[in-house]
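Per-entry structural report
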Amino acid sequence: MAQEPFSTQVATPQWRALAEEWTAEALVRHGIAVTGPSEQPRIRAWSTQLTVPTDAGLVWFKATCPAMAFEPALQQEMARLVPGAVQEPLAIDAEQGWMLTRDHGPTVGDQRTPTAQDWRLAVAEAARVQRVLVDHREELLATGLPDAAPETVVDRFDRMLEIHEQTPAEEGPHVAPGTIEALRSRRSELVDACAELAESSLPSTWQHGDLHPWNLYGTDGHVALFDLGDGMWAHAVELLCVPYGVVTSSDDVAWADVVPAWREVWEVEPDEFDRLWRATGFTHAVNRAVTWHRALLTATAAEVAEWGSAVEHHLASMLDA
């Protein structure tokens, strides 16, 4: 029997009742009482949230789709390993992908148009967390965090192309035959890029997967991270790919004013960084496409129609690397 789409399941009264019951029971263990009805501000193919009023302030419940169900356990583990980098959950259900956290207030991006200093603070803090987590691969992978290190990417690439060759366009995210052919023509370059990253002085570590000021909260002096469901274990430089895309999509901030903050934390020289940055143009294309593909495995047909092009979009970015 086909699995019920995630967004359909979490829109039912039955699911809502179970989530609210679990939330109330978990909060009681903290001496917190629910004081009013919850609200469900959004439902997406990959996650949904409930906002819960309590006598200790607003609490957020988050449920993730199966592909991202590792997020609660990952956040709990990161809160233990890097205190202050992420908020420690009030409760998690790792099997169901459920998590409760306190309200952290507006994000950096909600407070203002992000400045160069906001971006520098973001990438520097993420780099600091990355350096701490380098030695904790086993603990993070045990949460379900996907292993997308350079040594895994070629196999992930081959498998993605096989899947999309065999999947009819009407049955899920689709990559056009011409795109697949073009991607295969660049496979040897992907192999070389993976080898260069694997042999570099910078290691693989935690990668946020969607780092931008709307996934940060805090003050001018310190920020913390959230929304970890796009994360993976990957080469350290890949963390910068999403910030680069966001920064360069507007004229508000120059990328050259941002990236040195990340390099300084990692103590990497510009020449070496530039070489590794070119290589991640190949690996990030594959890893980001795999994230989207997995997230849409439990999506509705309408959601696939809306978001499915992201798989081909990210894979095809390898052609510009």
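Residues numbered from 1 in each chain as written. Predicted model: local features only at pLDDT ≥ 70, side-chain atom pairs only at ≥ 80, totals over all residues. Heavy atoms only, no water.

Comments concerning the packing of helix α7 (residues 150-166) against helix α9 (residues 187-198)
Our working rule: A fitted line through C-alpha atoms serves as each axis, taken over the contacting stretch for helices, and the angle formed by two N-to-C directions is quoted from 0 to 180°. Only DSSP runs of H or I with at least four residues qualify as helices, and only runs of E with at least two residues qualify as strands; both kinds are numbered from the N terminus onward. Should an angle fall under 35 degrees it is called roughly parallel, over 145 degrees roughly antiparallel, and 65 to 115 degrees roughly perpendicular, with every other angle called oblique. Crossings are sorted by hand: turned counterclockwise from the far helix by less than a right angle, the near helix makes the crossing left-handed, and turned clockwise it makes it right-handed. In this description, contact between two residues means that some pair of their heavy atoms is separated by no more than 4.5 Å. Each residue gets one of three labels, nonpolar for Ala, Val, Leu, Ile, Met, Phe, Trp, Tyr, Cys and Pro, charged for Asp, Glu, Lys and Arg, and polar for the others, Gly among them.
Between α7 and α9, the least distance of the axes is 8 Å, while the angle of their chain directions is 160 degrees. As judged from the angle between their axes, α7 and α9 are roughly antiparallel. Here the hand of the crossing between α7 and α9 comes out right-handed. Here α7 contributes P150, E151, V153, V154, F157 and D158 to the contact with α9, which in turn contributes R187, L190, V191, C194, L197 and A198. The residue makeup of the contact of α7 with α9, split by class, is 9 nonpolar, no polar and 3 charged.

Things to note about the pattern of salt bridges
For the record, the criterion: Every case where a carboxyl oxygen of Asp or Glu lies within 4 Å of a side-chain nitrogen of Lys or Arg is listed as a salt bridge. Accessible area is worked out with a 1.4 Å probe on protein chains only. A residue is then buried under 20% of its type maximum, exposed over 50%, and partly exposed in between.
Taken as a whole, this structure holds 16 salt bridges when the rule is applied. Residue D158 is joined to R187 by a salt bridge in which the shortest nitrogen-to-oxygen separation is 2.8 Å. A residue pair is termed long-range when its members are at least 10 positions apart, and D158 in helix α7 and R187 in helix α9 qualify at 29 residues. Overall, R187 belongs to the partly exposed group, its relative accessible area being 32%. Between E165 and R184 there is a salt bridge whose closest N-O contact spans 2.7 Å.

So, the environment of L211
Following the sequence through the fold, L211 ends up in the loop between β6 (204-207) and β7 (216-218). Residue L211 is classed as buried on the basis of its relative accessible area of 0%. C-alpha of L211 to C-alpha of D230: the two residues are 19 residues apart in sequence and 9.4 Å apart in space. Filtering out sequence-adjacent residues up to four positions away, L211 remains in contact with W119, A122, V123, A126, L216, L225, L239, V242 and P243.

What about the nonpolar core?
Heads up, the rule is: Nine residue types can take part in a nonpolar core, namely buried Ala, Val, Leu, Ile, Met, Phe, Trp, Tyr and Cys, and a core is a set of them joined through side-chain atoms within 4.5 Å.
Ranked by internal contacts, the top residues of the largest apolar core, which has 96 residues, are W206 and W262. The element best represented in this core is helix α12 (residues 270-295), accounting for 11 residues. W206 has contacts with L74, M78, A126, V129, Q130, L133, L140, L225, L228, M232, W233 and L239, leaving out every residue within four places of it along the chain.

Focus: the side chain of N287
Spelled out, the test is: Think of a polar contact as two N or O atoms within 3.5 Å of one another; within protein, one of them needs to be a possible hydrogen donor and the other a possible acceptor, and neighboring residues in sequence only count if both atoms come from side chains.
Looking at the secondary structure, you find N287 in helix α12. Residue classification places N287 among the buried positions, given a relative accessible area of 0%. For N287, the side chain forms a polar contact with the main-chain oxygen of A148, separated by 3.2 Å. Ignoring sequence-local partners within four residues, the contact set of N287 consists of A148, V153, R156, M232, A234 and E238.

Focus: α7
Put simply, the rule is: Here a helix's expected span is defined as the number of its residues, less one, multiplied by 1.5 Å.
Given a rise of 1.5 Å per residue, 17 residues ought to cover 24 Å, and the 25 Å separating the end C-alpha atoms of α7 matches this to within 8%. Buried residues along α7 sit in contact with α8 (177-185), α9, β6, β9 (232-235), α12 and α14 (309-316).

Topic: unusual backbone geometry
The phi angle at D227 is positive, at roughly 60 degrees, despite the residue not being glycine. Positioned with a positive phi, E267 is a non-glycine residue whose angle comes to about 55 degrees. By secondary structure assignment, the location of E267 is in the loop between α11 (259-266) and α12. For E267, a relative accessible area of 64% gives the class exposed.

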